[in-house]
Amino acid sequence: MTTNETPSNGATRWVYPLLLALVFAVLVWGSWRRWGNPFVDFGIELYVAWQLSEGKHLYRDIVWLGGPLSQYTNALWFRLFGVSYLTLSLVNIAFVAGLTALLYRFFTRTIGRTAGFTAGLILLVVFAFQSYETDGSWDYVAPYRHEAVHGLGLAILGLSVFADYLGQGGKWRSFGVGLCFGAVCLTKIEPSVALAGALAGGYWLGFNYLPPRRERWRQDIGWFVGGVAVVPVGFGLYLATQMPLGVALTGLLGNWLNVARTDAVGQVFYQRVMGLGRWRENLLRMGGGCGAFIGVLGVFTGLEVALRRVTRGWMVWSGAAFLATWLVAHTCMPWAFFLRPLPLLTGLILAGVAWTTMHCSDQTQLAQRWIPLTVWCVFGLLLLGKLGLAAHAGQYGFTLALPATVLLAVSAISLWPEFIRAKAWGTGALVRWGSAGVLVAFFLAAQESRSYFHSAKTIPVGAGADRMQTFGPPLSETGDITAAALENMAQIMPPGATLVVIPDGIILNYLLRRENPTPYTVFDPVLMAVYGGEERVVETLTAHPPDYIAWVQRSFQEYGLAPFGQDPRFGRTILVWVDKHYEVVQVYGAPPIGEAFGIALLRRRAASGGAVSHAP
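Now for a description of the structure that goes with this document. (Residues numbered from 1 in each chain as written. Predicted model: local features only at pLDDT ≥ 70, side-chain atom pairs only at ≥ 80, totals over all residues. Heavy atoms only, no water.)

1. Concerning the overall build of the protein
Scanning the protein from terminus to terminus reveals 25 helices and 6 strands. Over its C-alpha trace the protein gives a radius of gyration of 26 Å, about what one expects of a compact globule, namely 25 Å for 616 residues. Seen through its principal axes, the protein has C-alpha atoms that stretch 95 × 55 × 50 Å. By residue count, 56% of the 616 residues in the protein fall in the buried class. In the protein, 72% of the contacts between residues at least 6 apart in sequence involve partners at least 24 apart. For the protein, the computed accessible surface area is about 25300 Å², with 64% contributed by carbon and sulfur atoms. (Helix = DSSP H or I, 4+ residues; strand = E, 2+ residues; numbered from the N terminus. Rg over C-alpha atoms; globule rule 2.2 N^0.38 Å. Buried < 20%, exposed > 50% of the residue type's maximum accessible area, 1.4 Å probe, protein only. Contact = heavy atoms within 4.5 Å. Areas by Shrake-Rupley, 256 points an atom, 1.4 Å probe, with all protein chains shown as cover.)

So this is what it looks like as structure tokens:
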């Protein structure tokens, strides 16, 4: 292990892992069954995994815009351990534990145990169990899409194996890196592109600066390419046995094809995600935050130089630095914009680490520290691309901002203090403890937000292993209304009746165990644009009419649209068809035609005009 930290004995080396395990246990206990938002996105994850475990297939029976790896993996867990919210949650909790161990191992080997501990804490406290808003599922236990979390985890596993390959070589390690990359390509575009760029840079550096790797570059690349092919080819062959080859190939390439089909960057939703709508304001925040970070770091570095001859009182000075930065950050830091300068700072760290890599003559240091860190920098910077000018820990940032945030933290806690010691400017203690003060304030802010939102999840929805807590008043009426609706719908709809929820809320299908006879899991502008528009949806509904339709109120303001059916550009054609063929049975909450939340249950009319009878 390459590290400038003082070696520790067998007992103390377990202190950091045990502390991480304790934090992990506390966060699991404190968030128990309060993960995610079942009404926004995560209900789709449960429904699709259930249907796949029953024999349906993506692309043939279920419209899907992403790769197949995550959904079929979830279906496997359902087949092995039973279909339930708890099954998927426990599997994902185990995934978080493994990802924490991976981060700890990577940064312990490249920098030191303090860096590994810091990386693990950031994952657990800021990202994995977070709750920053009422909309969406942005934690790792009940994510909005498992592809985002699985893609990140597989990419980090690939980077860890690649670091081992640099130091020890071996055709199987290069094969393992390729295996991880091929699997990532079947999740989402963002981790695929980021890992591709990182590995391209890493292999180039390895072949140019490490003679043992250069001597075998053809064989190693060959094994890497072989590993890349395994998972995509395996899935392609499997899907081709279940559907036409063209459908299977379109599904495997869906990530890439759908970006071209939907013009994602031009959509109001993605412009907001990337901060392009208020680009001047976000640029000022990025620049100001970057300048403030560099200024504070410069002040503490200057204090290190000024006090470098002081031989006593370093504990006092370090304690003062910690308290000062914690107090200032806790009281003054605009946490909502804390990560705005992350792309600029990640770029600066990449420049410094890459320069050190290309000027380092120590082969061991290159293989064990500088090339792996350079690769991590590239990976973190490329992942931030989707966030654009609005880097943040919430929403899509819950996975995309993690690597860069970890990099910034370990640089401030470990790398820069080591640089100060190497230059004989001081001990690095002031910078280390000053950075620790900011991190602790950041952790407390995340904990405060999580406690607030988790404590507001007071409404149980579902029963038994499917029971989950969701938001109640005053934050939301959704939970109360949905819980009452589920109880009544179970009595109205006979077993075997089919149900379509329009435009969103397929969690109703899952909790009622009622099948959706159409391939649509949600009726949003992106999905309908990819699959033929509203006319195609109406054709599908006509060919496969459900026995019941649940019309659920949902705002589409993030897409720049009025609620479903109230905007002539969105939903009007579908609702005209529904009104012609269905009649209202029951309304829960407000009628779903305004801003207040409500659910209307509709039953299909008979050909003669009366409602279809469903006597048990």
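Text resumes after the structure shown.
2. Some thoughts on a nonpolar patch on the surface
On the surface, Val15, Leu19, Leu22 and Val26 cluster together into a nonpolar patch covering about 330 Å² of accessible area. Along the polypeptide, leucine 19 turns up in helix 1 (residues 15-30). Residue leucine 19 is classed as partly exposed on the basis of its relative accessible area of 36%. (Patch = residues over 30% accessible without salt bridge, like charges linked within 9 Å, V, L, I, M, F, W, Y side chains within 5 Å. Salt bridge = Lys/Arg side-chain N within 4 Å of Asp/Glu carboxyl O.)

3. Re the environment of aspartate 567
Considering the arrangement of structural elements, one finds aspartate 567 in the loop between strand 4 (548-552) and helix 25 (572-581). Look past the residues within four positions of aspartate 567 in its chain and what remains in contact with it is Leu561, Ala562 and Arg572.

4. Structural notes on unusual backbone geometry
Backbone torsion omega between proline 473 and proline 474 reads 5 degrees, so that peptide bond is classified as cis. Considering the arrangement of structural elements, one finds proline 474 in the loop between strand 2 (468-470) and helix 21 (478-492). Although it is not a glycine, aspartate 41 adopts a positive phi angle of roughly 80 degrees. Turning to its location among the elements, aspartate 41 is positioned in helix 2 (residues 38-53).

5. Brief notes about the packing of helix 16 (residues 342-358) against helix 17 (residues 363-383)
Close contact between helix 16 and helix 17 brings their axes to 9 Å; oriented N to C, the two are set at 155 degrees. It follows that helix 16 is roughly antiparallel to helix 17 by the angle criterion. Considering the relative orientation of helix 16 and helix 17, their crossing is left-handed. Residues Pro343, Thr346, Gly347, Ile349, Leu350, Val353, Ala354, Thr356 and Thr357 of helix 16 lie in contact with helix 17, whose contacting residues are Leu366, Trp370, Ile371, Leu373, Thr374, Cys377, Val378, Gly380 and Leu381. For the contact of helix 16 with helix 17, a count of residues per class yields 12 nonpolar, 6 polar and no charged. (Axes fitted to C-alpha atoms, helices over the stretch in contact; angles between N-to-C directions. Parallel < 35°, antiparallel > 145°, perpendicular 65-115°, else oblique. Left-handed = near helix turned anticlockwise from the far one by under 90°. Nonpolar A, V, L, I, M, F, W, Y, C, P; charged D, E, K, R; others polar.)

6. Quick notes on the nonpolar core
Membership of the largest hydrophobic core comes to 176 residues, with the highest contact counts inside it found for Phe107, Phe129, Tyr140, Phe379, Met489 and Ile574. Those residues in contact with methionine 489 that lie beyond four places of it in its chain are Leu508, Leu512, Ala550, Tyr588, Ile599 and Leu601. Within the second largest apolar cluster, 7 residues are counted, among which are Leu307, Ala321, Ile420 and Val431. (Core = buried A, V, L, I, M, F, W, Y, C linked by side-chain atoms within 4.5 Å.)

7. So, helix 3 (residues 69-81)
In a regular helix each residue adds 1.5 Å, so 13 residues correspond to 18 Å; helix 3 covers 18 Å between its end C-alpha atoms and thus fits that length. Taken residue by residue, helix 3 has Leu69, Ser70, Gln71, Tyr72, Asn74, Ala75 and Phe78 as its buried positions. Next to the buried residues of helix 3 lie helix 2, helix 4 (85-110), helix 6 (146-168), helix 7 (171-184), helix 10 (217-240) and helix 22 (507-512). A positive backbone phi angle near 100 degrees is found at glycine 82, which sits one or two residues after helix 3. (Expected span 1.5 Å × (residues − 1).)

8. Focus on helix 6
An ideal rise of 1.5 Å per residue puts 33 Å on 23 residues; helix 6 measures up with 32 Å between its terminal C-alpha atoms. With 19 of its 23 residues buried, helix 6 lies for the most part within the structure.

9. Some remarks on the packing of aromatic side chains
Under the defined criterion, the tally for this structure stands at 41 aromatic pairs. Ring centres of phenylalanine 564 and phenylalanine 570 lie 5.1 Å apart, and the angle between their planes is 85 degrees; this geometry places the pair in the edge-to-face category. For the residue pair phenylalanine 564 and phenylalanine 570, the accessibility class agrees, reading buried in each case. Cluster of aromatic residues (ring-pair linked, three or more members): Phe162, Tyr165, Phe181, Tyr203, Phe207, Trp217 and Phe224. The positively charged end of arginine 513 is found above the aromatic ring belonging to tryptophan 50, 5.8 Å away from the centroid. (Phe/Tyr/Trp six-rings, centres within 6.5 Å; stacked < 30°, edge-to-face > 60°. Lys NZ or Arg CZ within 6 Å of the ring centre and 35° of its normal.)

10. Brief notes about the pattern of salt bridges
Inspection of every chain in the model, using the stated rule, returns 15 salt bridges. A salt bridge links aspartate 164 to arginine 105; its shortest N-O distance comes to 3.2 Å. One end of the pair, aspartate 164, is in helix 6; the other, arginine 105, is in helix 4, and 59 residues separate them in sequence. We classify aspartate 164 as buried; its relative accessible area is 12%. Residue glutamate 583 is joined to arginine 605 by a salt bridge in which the shortest nitrogen-to-oxygen separation is 3.8 Å. In this pair, glutamate 583 is assigned in strand 5 (residues 582-589) and arginine 605 in the segment after strand 6 (598-604), connecting sequence segments 22 residues apart. The partly exposed category is assigned to glutamate 583, whose relative accessible area is 23%. One network of salt bridges, in which partners are shared, links Arg105, Arg109 and Asp164.

11. Here's the deal with the environment of glycine 236
Residue placement: glycine 236 occurs in helix 10. Looking at glycine 236, the relative accessible area reads 11%, which means it is buried. Other than its neighbours up to four places away in sequence, glycine 236 contacts Ala248 and Leu252.

12. Brief notes about the pairing of strand 3 (residues 499-502)
Side-chain direction in a regular strand flips from residue to residue, so the side chains alternate between the two faces of the sheet. With burial as the criterion, each face of strand 3 is covered, one bearing Leu499 and Val501 and the other bearing Val500 and Ile502. Examined bridge by bridge, strand 3 and strand 4 share 4 bridges and lie parallel to one another. Across the sheet, the residue bridging to leucine 499 is tyrosine 548, located in strand 4. (Pairing = 2+ DSSP bridges.)

13. Observations regarding the sheet that holds strand 4
In space, the 4 strands of this open sheet follow the order 3-4-6-5, with mixed pairing throughout. The open sheet has two edge strands, strand 3 and strand 5, and neither has a second partner. Going from strand to strand, the sheet's axes swing by 20 degrees on average, the running direction of each strand aside. Bridge count between strand 5 and strand 6: 7 bridges; the pairing is antiparallel. Each residue of the ladder has a partner; that of valine 587, found in strand 6, is alanine 600. Along the sheet face, helix 21 touches strand 4, strand 5 and strand 6 and points at about 140 degrees away from the line of strand 5.

Bear in mind that shape data such as this cannot, by itself, settle questions of function.
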